[in-house]
Amino acid sequence: MTEKKAQLTIEGTDLAIDLPIRSGTVGPDVIDVGALTKNGFFTYDPGFVSTAACESSITYIDGGKGVLLHRGFPIDVLAENSSYLESCYLLLHGELPTAEQLEEFEGAITHHTMVHESIHQFFEGFHHNAHPMAKMCGAVGSLSAFYHDDLDITNEKHRITAAYRLVAKMPTLAAMCYKHHVGQPFLYPDNSLGYAENFLRMMFGTPCEEYKVNPVLAKAMDRIFLLHADHEQNASTSTVRLAGSSGANPYACIAAGIATLWGPAHGGANEAVLQMLEEIGDESNIDAYIAKAKDKNDPFRLMGFGHRVYKNFDPRAKVMKQTCGEVFAELGVENDPLLRIAKRLEQIALEDPYFVEKKLYPNVDFYSGIIMKAIGIPTEMFTVIFAVGRTVGWIAHWHEMISQGTRIGRPRQLYTGYDAREYVPVEKR
Ligand code: SDX
């Protein structure tokens, strides 16, 4: 098959630069711009709006159609039929597991959930009211101190072990962040419980009595982890890839991903959604906040709306909204005032020309925060929960990138500073 190509001509020169075009399985073709540098040019794409930074077979998003596929399986189908750990296996290994493979994988994850005992003291270095994301950055980064000397990232078995350890330990560390926050003792994982059930017990149980997790809430938590598992080359995943491209320790790379996720424009949006709903406070104030969101001179944005890729409903938001209904019905809080404000905001945003023209639909963060608040998770823990779910995506991309063999990521720039100039001694300035 003849290779497709683009040709770049530069006016005022006889340059005609051939640029190969590559096609993926689905989605836009890409133009390989490697030939530009030797012709004296860089591409310029702040925010990487139009840049494919890598080749990947893990997740595909069609933003116009609101489609999200994990190894080819639609997210709503996985949310309905799969579990978080089964989807973790799919993301890491590329295929859905057999019953035997799933049992072995669940056993491997379960038996990696404990953390080194000395990490318990690690938390004492934080003030109890330090933001849990600060604690998570530190705690996950500290894992690199325990698993560094015997780690050969070029060895696939070592990479998979690191991946399993991270997926397994994130809920334990997340629960420890919460317990340290509220001044309660840490609970050890219970190997007889499922992944989400174990997490909720470590979060809300105490050594004083048996804690039974509500199965509806455990299922909702599992689905929240699943819906946050991976999302192509988002900001935090791109950070993990860039950090990993230098050969850095994978636990340190995941800590870098956690740091990036913390921002309110990214994973911090679920916490910002709740803060926004609480600030709005009453349905009578909604119109004023909608006006602020539309006012270009006002930095206020409707948190939980809009997306760089989705210009249609975020398919995760649809599933999250359904889960929200199930949780609120189970808890008998359908008339929660924040939920009423959220539903009214969504209805207005889907009808208001400003949001319709800019294709600003509810994203994954819009309903997730409301569900987590209903489950009893404090707002400042929301992004920590997002990080727990997303760790499998981050480490799957890291594993894929190292497997592919990649050069260190090193973007260039458009330099607009001074050209070379003479130094002026201080007495002459
Ligand atoms: C996540 O990348 C991923 O995949 C991320 C994620 C994942 O799973 O990893 O999906 C998770 O991060 C979801 C997004 C969570 N963030 C929020 O909900 C914060 C609120 N949303 C916005 O900050 C914004 O929509 C972004 C950051 C999500 C997207 O920003 P873009 O793509 O850079 O778009 P933009 O800021 O250029 O906005 C385009 C226009 C602008 O107006 P104009 O300058 O064209 O006139 O839309 C406006 C913006 O002002 N706009 C909004 C808005 N979001 C965009 N106006 C009001 N409220 C908003 N929420």
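See the structure printed just above.
Let us look at the structure shown here. Numbers given to residues run from 1 along each chain, matching the order in which its sequence is written. In keeping with the predicted nature of the model, local features appear solely for residues at pLDDT of at least 70, side-chain atom pairs appear and are counted solely at 80 or more, and the whole-chain, interface and lining totals rest on all residues. Only hydrogens and water are set aside when side-chain values are computed; all heavy atoms of the structure are taken into account.

1. Some remarks on unusual backbone geometry
Part 1: One non-glycine residue, R71, adopts positive backbone phi at about 50 degrees.
Part 2: Per the convention used, a helix needs a DSSP run of H or I reaching at least four residues, while a strand needs a run of E reaching at least two, with both numbered from the N terminus. By the element assignment, R71 lies in the loop between β5 (67-70) and β6 (73-74).

2. Things to note about the packing of helix α12 (residues 269-280) against helix α18 (residues 382-404)
Part 1: Viewed as axis vectors pointing N to C, α12 and α18 meet at an angle of 150 degrees, and their least axial separation amounts to 7 Å. Accordingly, the angle class assigned to the pair α12 and α18 is roughly antiparallel. Considering only the axes of α12 and α18, their crossing is right-handed. Residues N270, E271 and L274 of α12 form the contact with α18, whose own contacting residues are F382, T383 and F386. Only C-alpha atoms enter the line fits that serve as axes; for helices the fit covers just the stretch in contact. Angles between N-to-C directions range over 0 to 180 degrees. Here the angle decides the label: under 35 degrees means roughly parallel, over 145 means roughly antiparallel, 65 to 115 means roughly perpendicular, and every other value means oblique. Should the near helix be turned anticlockwise from the far one by less than a right angle, the crossing is left-handed, and should it be turned clockwise, the crossing is right-handed. Contacts are assigned to residue pairs that have any heavy atoms within 4.5 Å of one another.

3. Topic: the side chain of R201
Part 1: Secondary-structure assignment places R201 in helix α8 (residues 195-204).
Part 2: Salt bridges are absent for the buried R201, whose nearest opposite-charge side chain, D190, sits at 4.4 Å.
Part 3: Those residues within four positions of R201 in sequence are excluded, and the remaining contacts are L187, Y188, P189, D190, L193, Y211 and V213. Exposure categories follow from relative accessible area, calculated using a 1.4 Å probe and restricted to protein chains: below 20% of the type maximum is buried, above 50% is exposed, and the middle band is partly exposed. Only four residue types enter the charge count, namely Lys and Arg as positive and Asp and Glu as negative; His and the chain termini do not. Counted as salt bridges are all cases of a side-chain nitrogen of Lys or Arg within 4 Å of a carboxyl oxygen of Asp or Glu.

4. With respect to the sheet that holds strand β2 (residues 16-22)
Part 1: Paired strands, in this sense, are two strands between which DSSP finds at least two bridges. Pairing is antiparallel in the open sheet, where three strands are placed in the order β1-β2-β3. Whereas interior strands pair on both sides, the edge strands pair on one side only; in this sheet they are β1 (5-9) and β3 (30-31).
Part 2: Strand direction decides the pairing type here: β1 and β2, joined by five bridges, are antiparallel. Its bridge partner lying in β2, K5 is registered against P20.

5. Quick look at the site of the ligand
Part 1: Taken together, 24 residues form the shell around the ligand, and within it H231, H307, R308, R316 and R390 come nearest.
Part 2: Within 3.5 Å is the distance limit for a polar contact, defined as a pair of N or O atoms, with the added protein rule that one can donate a hydrogen and the other accept it, and that residues adjacent in sequence qualify only through two side-chain atoms. Residue A265 places a main-chain N or O atom 3.1 Å away from a nitrogen atom belonging to the ligand.
Part 3: Note that a nitrogen atom of the ligand is positioned 2.9 Å from one of the backbone N or O atoms of F305.
Part 4: For accessible areas, the Shrake-Rupley method is used with a probe of radius 1.4 Å. Any residue's cover is judged against the shown protein chains and nothing else. Within the complex, 77% of the 1,100 Å² of free accessible area of the ligand lies under protein.
Part 5: Along the lines of polarity and charge, the residues of the shell around the ligand split into 10 nonpolar, seven polar and seven charged. Only a single heavy atom is needed: when it lies within 4 Å of a molecule or strand, its residue is near that molecule or strand. Gly counts as polar in this scheme, as do all residues outside two lists: the nonpolar Ala, Val, Leu, Ile, Met, Phe, Trp, Tyr, Cys and Pro, and the charged Asp, Glu, Lys and Arg.

6. What to know about the packing of aromatic side chains
Part 1: Within 6.5 Å between ring centres, the rings of Phe, Tyr and Trp (the latter by its six-membered ring) count as paired, and their orientation is classed by plane angle as stacked under 30 degrees, edge-to-face over 60, tilted in between. All told, the structure shown has 16 aromatic pairs when counted by the stated rule.
Part 2: Taking the centre distance of 5.7 Å and the plane angle of 80 degrees together, the rings of Y195 and F225 count as edge-to-face. Of this pair, Y195 sits in helix α8 while F225 sits in helix α9 (residues 215-227), and the two are 30 residues apart along the sequence. You'll find Y195 and F225 in the same group, each marked buried.

7. Things to note about the pairing of β1
Part 1: Of all five residues in β1, zero are buried; the element is thus mostly exposed.
Part 2: Where β1 hands over to β2, the hairpin turn is made up of six residues, of which G12 adopts a positive phi near 85 degrees.

8. As for the nonpolar core
Part 1: Side-chain atoms within 4.5 Å link the members of a nonpolar core, which is a set of buried Ala, Val, Leu, Ile, Met, Phe, Trp, Tyr and Cys residues. Of all hydrophobic cores here, the largest spans 114 residues; its most connected members are L173, I258, L302, L345 and I377.
Part 2: For L345, the residues in contact, after removing those within four places along its chain, are M276, L277, I280, I286, I290, L302, F305 and F366.

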